Amino acid sequence: METLVLNQSYEPVARISWQRAMMLLWQGKVEVVEEYDDRLVRSVTLEIRMPSVIRFLRGERRKGRGIKFSRDNVYMRDGCKCQYCGRKVSRPEATYDHVVPRAQGGRTTWENIVIACVPCNQKKGGRTPVQAQMKLLSAPEKPRKLPGTVQLTFAYDKGMPVSWRKFLRDVAYWHTELESDE
């Protein structure tokens, strides 16, 4: 059984195991919004209904938490396009280019990695864009948020608990199956 997690504004942010939900409840971080009617959690001295929907009492985001540096996130940041010629590149075709090559001291960071198509990456080789007489379409930088990303990925389906539906109904992207980064 899973529990839907809402932020302070009653917007869905995650789904977690009922055990994790119970831990958050005991820690005083969440309140129970909905319960499963037919599911009980029992101890020797206590019996409570299993939470179906919980809500954070305070903001759940921590300061300084940024977007994880990964190949998929670089691909999304660059809009699925080669940053030299602008051609749309499919995920399997995408190569990752060090703007300043590692051989010249370049590091593997948000500010030095871009998406490139195979022909552009081969043309550039182990040189900087200036040395290769190529121009970047945009300077690479660490994004504050990625375009088109949704943190919670699951299908709106018949098996979903009824108690979740009123929190998901008004959000357009909850009504279709979403892709996972995995």
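Shown above is the structure to which this text applies.
A brief report on the enclosed structure follows. Just so it is clear, the structure is predicted and the values come from calculations on it, not from any experiment.

Each value, and the rule that gives it
Residues numbered from 1 in each chain as written. Predicted model: local features only at pLDDT ≥ 70, side-chain atom pairs only at ≥ 80, totals over all residues. Heavy atoms only, no water. Helix = DSSP H or I, 4+ residues; strand = E, 2+ residues; numbered from the N terminus. Buried < 20%, exposed > 50% of the residue type's maximum accessible area, 1.4 Å probe, protein only. Contact = heavy atoms within 4.5 Å. Areas by Shrake-Rupley, 256 points an atom, 1.4 Å probe, with all protein chains shown as cover. Pairing = 2+ DSSP bridges. Core = buried A, V, L, I, M, F, W, Y, C linked by side-chain atoms within 4.5 Å. Arc of directions from axis to C-beta. Phe/Tyr/Trp six-rings, centres within 6.5 Å; stacked < 30°, edge-to-face > 60°. Lys NZ or Arg CZ within 6 Å of the ring centre and 35° of its normal.

1. Section: the overall build of the protein chain
When helices and strands are tallied, the protein chain shows four helices and six strands. In sequence order, the secondary structure elements of the protein chain are arranged as β-β-α-β-β-α-β-β-α-α. Counting all 182 residues of the protein chain, 37% fall into the buried class. A separation threshold of at least 6 residues defines the contact pool for the protein chain, and within that pool the share at least 24 residues apart is 56%. When the accessible area of the protein chain is evaluated, it comes to approximately 12,100 Å², of which 48% is carbon and sulfur surface.

2. Comments concerning the pairing of strand 1 (residues 2–6)
The buried fraction of strand 1 is high, at four of five residues. As paired elements, strand 1 and strand 2 (residues 12–17) share five bridges and run antiparallel to each other. Each bridged residue has a counterpart across the sheet, and for Val-5 the counterpart in strand 2 is Ala-14. The loop that links strand 1 with its antiparallel partner strand 2 comprises five residues; one of these, Tyr-10, has a positive phi angle of about 65°. As paired elements, strand 1 and strand 4 (residues 47–56) share three bridges and run parallel to each other. Counterpart to Leu-4 in the pairing with strand 4 is Val-53.

3. Observations concerning the nonpolar core
Across soluble globular proteins, nonpolar side chains have a tendency to be buried as a group. Cys-82, Tyr-84 and Tyr-96 are the most contacted members of the largest nonpolar core, which totals 19 residues. Going through the elements one at a time, helix 2 (71–77) and strand 6 (113–116) are the ones with two or more residues in this core. Beyond its immediate sequence surroundings of up to four residues, Tyr-84 is in contact with Asp-97, Val-99, Val-114, Ala-116, Cys-120, Lys-124, Pro-129, Met-134, Lys-135, Leu-136 and Leu-137. The next biggest cluster of nonpolar side chains, apart from the first, holds eleven residues, and it includes Met-50, Val-53, Met-160 and Trp-164.

4. A look at helix 1 (residues 18–26)
Listed as buried for helix 1 are Ala-21, Met-22 and Leu-24. One face of helix 1 carries all of its buried residues, which in axial projection span an arc of 160°. In the core, the buried residues of helix 1 are packed alongside strand 1, strand 2, strand 3 (30–42) and strand 4. Trailing helix 1 by a residue or two, Gly-28 shows a phi angle of about 75°, which is positive.

5. Considering the packing of aromatic side chains
Under the criterion given, the structure shown has one aromatic pair. Look at Phe-69 and Trp-110: their rings are 5.2 Å apart centre to centre, the planes differ by 85°, and that puts the pair in the edge-to-face class. In this pair, Phe-69 is assigned in the loop between strand 4 and helix 2 and Trp-110 in the loop between strand 5 (95–98) and strand 6, connecting sequence segments 41 residues apart. A relative accessible area of 32% places Phe-69 in the partly exposed class. When the ring centre of Tyr-75 is taken as reference, the NZ or CZ atom of Arg-91 above it lies at 5.8 Å.

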